[in-house]
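Structural characterization, general
What follows is each chain in one-letter form.
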Amino acid sequence: MGKRMKYYLNYYGNLQQKELSNEERAAHCHELLIQISFFQHERLVHLLVTILFALLTVITLLANLFLNQIFLLPLEFLFLVLLVPYIHHYYVLENGVQKLYELYDNMSAKHSC
């Protein structure tokens, strides 16, 4: 998903440098809105997954502290190892979508979309 986000950020960033007709700009604005909606959906799904893993990590940590069971340590470690990439991926999605919003605002400000 990071590669796709970078592709669209570069594509629409470079597109703003070009002189386009109003019809072309309106078509690109529409395409950008579609891509933004796809990324928003992806962002929501990854937010829910990240929250789930964060809750599982905290619950496992608390269970380990109160129950003192050695078998919970590998589970806690697994949740922590998985939580870090999920947070990073959500961070990339969130920042990318915010940049796409800015690109759309710039594109629609130049020509009404």
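About the cut-offs
By convention here, each chain's residues receive numbers from 1 onward along its written sequence. Confidence filtering applies because this is a predicted model: local features only for residues at pLDDT of at least 70, side-chain atom pairs given and counted only at 80 or more, and all residues used for totals across whole chains, interfaces and linings. As a rule here, side-chain values cover all heavy atoms of the structure and leave hydrogens and water aside. The helix count covers DSSP runs of H or I at least four residues long, the strand count covers runs of E at least two residues long, and both are numbered beginning at the N terminus. Radius of gyration here is computed from C-alpha atoms only, and the compact-globule reference equals 2.2 Å multiplied by the residue count raised to the power 0.38. Whether a residue is buried, partly exposed or exposed follows from its accessible area with a 1.4 Å probe, protein chains only, as a fraction of its type maximum: under 20%, in between, or over 50%, in that order. Computed with a 1.4 Å probe, the accessible areas rest on the Shrake-Rupley method; for each residue, only the protein chains presented here act as cover. Positive charges come from Lys and Arg alone, negative charges from Asp and Glu alone, with His and the N- and C-terminal ends not counted. Taken as the charge centre is NZ of Lys, CZ of Arg, CG of Asp or CD of Glu, depending on the residue. Only residues whose relative accessible area exceeds 30% and that form no salt bridge enter a patch; like-charged residues are grouped when within 9 Å of one another, and nonpolar side chains (Val, Leu, Ile, Met, Phe, Trp, Tyr) when within 5 Å. Within this document, salt bridges are pairs made up of a side-chain nitrogen of Lys or Arg and a carboxyl oxygen of Asp or Glu, the two lying within 4 Å of each other. Each helix should span, by expectation, one fewer than its residue count multiplied by 1.5 Å. What the arc covers is the set of directions going from the helix axis to the C-beta atoms. Joining through side-chain atoms within 4.5 Å is the link that ties buried Ala, Val, Leu, Ile, Met, Phe, Trp, Tyr and Cys residues into a set, and such a set is a nonpolar core. Contact criterion: two residues are considered in contact whenever any of their non-hydrogen atoms come within 4.5 Å of each other. In this scheme Phe, Tyr and Trp rings, the latter by its six-membered ring, pair at centre separations within 6.5 Å, and the angle between planes marks the pair as stacked below 30 degrees, edge-to-face above 60, and tilted otherwise.

**So, the overall build of the protein**
A tally of helices and strands in the protein yields 3 helices and 0 strands. Helices and strands in the protein line up, N terminus first, as α-α-α. Relative to a compact globule of 113 residues, whose C-alpha radius of gyration would be 13 Å, the protein shows 20 Å and is clearly more extended. Projected onto its principal axes, the C-alpha coordinates of the protein cover approximately 65 × 20 × 15 Å. Looking at the protein residue by residue over its 113 residues, the buried ones come to 29%. Carbon and sulfur atoms form 67% of the exposed surface of the protein, whose accessible area is close to 7600 Å². In the protein, the 8 positive side-chain charges and the 9 negative ones have mean positions that sit 6 Å from each other.

**Considering a nonpolar patch on the surface**
A cluster of nonpolar side chains, namely Val 58, Leu 61, Leu 62, Leu 65, Phe 66 and Leu 67, defines an oily patch on the protein surface of about 620 Å² accessible area. By the element assignment, Phe 66 lies in helix 2 (residues 22-67). The class for Phe 66 is exposed, based on a relative accessible area of 69%.

**A closer look at helix 1 (residues 2-15)**
Helix length check: helix 1 (14 residues) gives 20 Å between terminal C-alpha atoms against 20 Å at 1.5 Å per residue, within 8%. The complete set of buried residues in helix 1 reads Met 5, Tyr 8, Tyr 12, Gly 13 and Leu 15. Projected down its long axis, helix 1 shows its buried positions confined to an angular sector of 160 degrees, all on one face. Opposite the buried face of helix 1, at more than 90 degrees from it, the exposed residues are Lys 3, Lys 6 and Asn 14.

**As for the nonpolar core**
Formed by 15 residues in total, the largest nonpolar core has its most connected members in Met 5, Tyr 12, Leu 32, Phe 39, Leu 100 and Met 107. At the level of secondary structure, the elements contributing two or more residues to this core comprise helix 1, helix 2 and helix 3 (72-110). With 6 residues, helix 3 is the largest single contributor of residues to this core. Setting aside chain neighbours within four positions, we find Met 5 in contact with Phe 39, Leu 93, Gly 96, Val 97 and Leu 100.

**Re helix 2**
An ideal rise of 1.5 Å per residue puts 68 Å on 46 residues; helix 2 measures up with 66 Å between its terminal C-alpha atoms. Phi for Asn 68, located one or two positions after helix 2, is positive at around 50 degrees.

**Here we look at the packing of aromatic side chains**
Scanning all chains against the criterion turns up 7 aromatic pairs. Between Tyr 8 and Tyr 12 the ring centres are 6.2 Å apart and the planes differ by 20 degrees, which places this aromatic pair in the stacked class. Of the two residues, Tyr 8 and Tyr 12 are both situated in helix 1; the distance of 4 residues between them amounts to about one turn of the helix. The same class applies to Tyr 8 as to Tyr 12, namely buried.

Geometric values such as these leave the question of function open.
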